[in-house]
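The chain contents come next:
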Amino acid sequence: MRYDLPVAQLLLPDADGITQAAALLRAGGLVAFPTETVYGLGANAFSALAVARIFAAKGRPYFDPLIVHVADPGEAARLWADVPPLAKKLMEKFWPGPLTLVLPKREIIPDIVTAGLPTVAVRMPSHPVALELIRLSKVPIAAPSANRFGRLSPTHHEAVLEQLGEAIDAVIAGGPTPVGIESTVISLAEDPPRLLRPGGTPIEALREFIPHLRIEPPCGPSASPGTMPRHYRPSTPLFLLASGLPTGGEALPRAKCGFLAFQKAWDGFAQVEVLSERGDLVEAASSLFAALRRLDRAGLRAIVAEPVPEEGLGLAIMDRLRRASSGQARLDETHVWVVR
Ligand code: TXA
Ligand code: MG
């Protein structure tokens, strides 16, 4: 039996709660907080020791660098060696919001934050609780998504408590996060700039300002270590519905499987989650991780996910579904056929 494991303090997203959270951060603690994308697990970015606790709590490998969160563009300028005109323009246009920019770092950022890379990823979130927390802490906050390594990103404080409740000091109970999918990460440290992770800021919007943005996968394992093929995994195996899959594979009864649908429910499954009845990709992104979490807890043999159109936030949704998947699936009247 487990008796005396300390459980994270649940703080309200009001002035008192945020003040307490800021004090914990300044004292080297770990605090999970809402952003507009997903919950972050924050520590003082200037303290190597506090940041080391993030990696321990998440079970995250040290080669995977963290995003540093700031409350205004001026603060970002103090972390980067230089702010090129394109960075200024992107900050003006997209901050605060779900866009992370990677540029060469200054000494002041400890190496553990960037996993030894010469660059640092920075973003200014738009969630008022996150902004107030950064302001009151008076330091930039290093924060990955507040999940155990490789698992689903939390879009609600309860999901944080479930995964990390015994490993961190506090969670700010901010309820559901509006965007629901992580920020778009782009590197301005190379020419032309490169998309490292599709996310909450659509590529189409970025292309207006960076027409030459490269979106092919990064060369070499360390270009963006977090963009590993297996990530964002539910515990129940997930299979992407594929047309034209040859017959064969393993047959699972539909009635023992779940279905993650884009617009309309499908028959015969034990549980179905519809991401957006009106086919809105923004709404679909905001429901994705919570829907996967519900399916994951339903005791199913497998989850079948229907692809969504790869435009706007659909690019980020498909990126997460591919990483979450163990293989492909096709359907007949009674069964799901899966190929790992
Ligand atoms: O929306 C978000 O971005 C959330 C919230 C909490 O802000 N954070 C988040 O952090 O998703 P995380 O650690 O789960 O993902 C950070 C991504 C990883 O893919 C990591 O490899 C990449 O950013 N990254 C961080 N620093 C980098 C750097 N210096 N160079 C290249 N990629 C970097
Ligand atoms: Mg993450």
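In this report, we go over the structure that sits alongside the text. This is a predicted model, so every value here is computed, not measured.

### Structural notes on the overall build of the protein
Here's step 1: Looking only at helices and strands, one finds ten helices and 17 strands in the protein.
Here's step 2: Rg of the C-alpha trace for the protein: 20 Å, near the compact-globule value of 20 Å for 340 residues, within the 12% margin.
Here's step 3: Taking all 340 residues of the protein together, the buried fraction comes to 55%.
Here's step 4: Here the protein displays about 14,500 Å² of accessible surface, and carbon together with sulfur accounts for 55% of that area.
Here's step 5: Once the 35 positive and 35 negative side-chain charges of the protein are each reduced to a mean point, those two points are 4 Å apart.

### What to know about the sheet that holds strand E2 (residues 31–34)
The strands that make up a sheet pair up through hydrogen bonds in the backbone, lying either parallel or antiparallel.
Here's step 1: Strand order in this open sheet of ten strands is E1-E8-E2-E3-E7-E4-E6-E5-E9-E10, and the pairing throughout is mixed. Edge strands, defined here as strands with exactly one partner in the open sheet, are strand E1 (9–11) and strand E10 (194–197).
Here's step 2: In the sheet, strand E3 (residues 39–44) pairs with strand E7 (residues 141–142) via two bridges, with the strands oriented antiparallel. Note on E7: the bridge partner recorded for Asn44 is Ile141.
Here's step 3: Of the strands in this sheet, E2, strand E4 (67–69), E7 and strand E8 (170–172) touch helix H6 (residues 128–137), which is tilted by about 140 degrees from E2.

### As for H6
Here's step 1: Where H6 is concerned, the buried positions are Val129, Ala130, Leu131, Leu133, Ile134 and Ser137.
Here's step 2: Summarising the contacts, the buried residues of H6 are in contact with helix H1 (15–26), E2, E4, helix H3 (73–77), E7 and E8.
Here's step 3: Looking one or two places after H6, you find Lys138, whose phi comes out positive at around 60 degrees.

### Side note on the environment of Pro246
Here's step 1: For Pro246, the position within the fold is in the loop between strand E11 (238–241) and strand E12 (250–253).
Here's step 2: A residue is classified by how much of its surface remains accessible, and Pro246, at 57% relative accessible area, is exposed.
Here's step 3: Along the backbone, Pro246 and Leu90 are 156 residues apart, and their C-alpha atoms lie at a distance of 45 Å.

### A look at the sheet that holds strand E16 (residues 325–331)
Here's step 1: One open sheet accounts for seven strands, arranged E12-E17-E16-E11-E15-E13-E14; its pairing is mixed. Edge positions in the sheet fall to E12 and strand E14 (271–274), since each has one partner strand and no second. On average, each strand axis in the sheet is tilted by 30 degrees relative to the strand beside it, whichever way the strands run.
Here's step 2: Where E11 and strand E15 (residues 302–305) come together, three bridges link them in parallel fashion. Bridge pairing links Phe239 to Val304 in E15.

### Description of the nonpolar core
Here's step 1: Trp80, Trp95, Ile168 and Ile186 are the most contacted members of the largest nonpolar core, which has 62 residues in total.
Here's step 2: Setting aside chain neighbours within four positions, we find Trp80 in contact with Met91, Trp95, Leu101, Leu103, Pro104, Lys105, Arg106, Val120 and Val122.
Here's step 3: Membership of the second largest hydrophobic core comes to 27 residues, among which are Val179, Leu288, Ala305 and Leu321.

### Quick notes on the side chain of Glu306
Here's step 1: Note that Glu306 resides in the loop between E15 and helix H10 (314–324).
Here's step 2: Here Glu306 occupies a buried position and makes no salt bridge, while the nearest side chain of opposite charge, Lys264, is found at 5.9 Å.
Here's step 3: Not counting the four nearest positions on each side in its chain, Glu306 is found in contact with Leu241, Phe259, Leu260, Ala261, Phe262, Gln263, Trp266 and Leu321.

### Side note on the packing of H1 against H6
When two helices pack together, their arrangement is given by the angle between the helix axes and by the axis-to-axis distance.
Here's step 1: Close contact between H1 and H6 brings their axes to 9 Å; oriented N to C, the two are set at 50 degrees. Overall, the two elements H1 and H6 adopt an arrangement that is oblique. The handedness of the crossing between H1 and H6 is right-handed. Counted together, Ile18, Thr19, Ala21, Ala22, Leu25 and Arg26 of H1 and Val129, Glu132, Leu133, Leu136 and Ser137 of H6 form the full contact between these two elements.
Here's step 2: Looking at the contact of H1 with H6 residue by residue, the class counts come to seven nonpolar, two polar and two charged.

### Some details on the environment of Thr177
Here's step 1: Here Thr177 lies in the loop between E8 and strand E9 (184–187).
Here's step 2: Those residues in contact with Thr177 that sit more than four places away from it in its chain are Thr35, Glu36, Thr37, Val38, Tyr39 and Thr155.
Here's step 3: Within polar-contact distance, the side chain of Thr177 engages the backbone oxygen of Thr37 at 2.9 Å.

### Some details on the packing of aromatic side chains
Here's step 1: Under the definition given, this model contains five aromatic pairs.
Here's step 2: Here the aromatic rings of Trp80 and Trp95 are separated by 6.2 Å at their centres, their planes lie at 35 degrees, and the arrangement is tilted. One end of the pair, Trp80, is in the loop between H3 and helix H4 (85–94); the other, Trp95, is in the loop between H4 and strand E5 (99–104), with 15 residues separating them in the sequence.
Here's step 3: Judged by relative accessible area, Trp80 falls into the buried class, the value being 0%.
Here's step 4: The class of Trp95 is buried, set by a relative accessible area of 7%.

Cut-offs applied
Residues numbered from 1 in each chain as written. Chains lettered and ligands numbered in written order. Predicted model: local features only at pLDDT ≥ 70, side-chain atom pairs only at ≥ 80, totals over all residues. Heavy atoms only, no water. Helix = DSSP H or I, 4+ residues; strand = E, 2+ residues; numbered from the N terminus. Rg over C-alpha atoms; globule rule 2.2 N^0.38 Å. Buried < 20%, exposed > 50% of the residue type's maximum accessible area, 1.4 Å probe, protein only. Areas by Shrake-Rupley, 256 points an atom, 1.4 Å probe, with all protein chains shown as cover. Lys, Arg positive; Asp, Glu negative; His and termini not counted. Charge placed at Lys NZ, Arg CZ, Asp CG, Glu CD. Pairing = 2+ DSSP bridges. Contact = heavy atoms within 4.5 Å. Axes fitted to C-alpha atoms, helices over the stretch in contact; angles between N-to-C directions. Core = buried A, V, L, I, M, F, W, Y, C linked by side-chain atoms within 4.5 Å. Salt bridge = Lys/Arg side-chain N within 4 Å of Asp/Glu carboxyl O. Parallel < 35°, antiparallel > 145°, perpendicular 65-115°, else oblique. Left-handed = near helix turned anticlockwise from the far one by under 90°. Nonpolar A, V, L, I, M, F, W, Y, C, P; charged D, E, K, R; others polar. Polar contact = N/O pair within 3.5 Å; in protein donor to acceptor, adjacent residues only side chain to side chain. Phe/Tyr/Trp six-rings, centres within 6.5 Å; stacked < 30°, edge-to-face > 60°.

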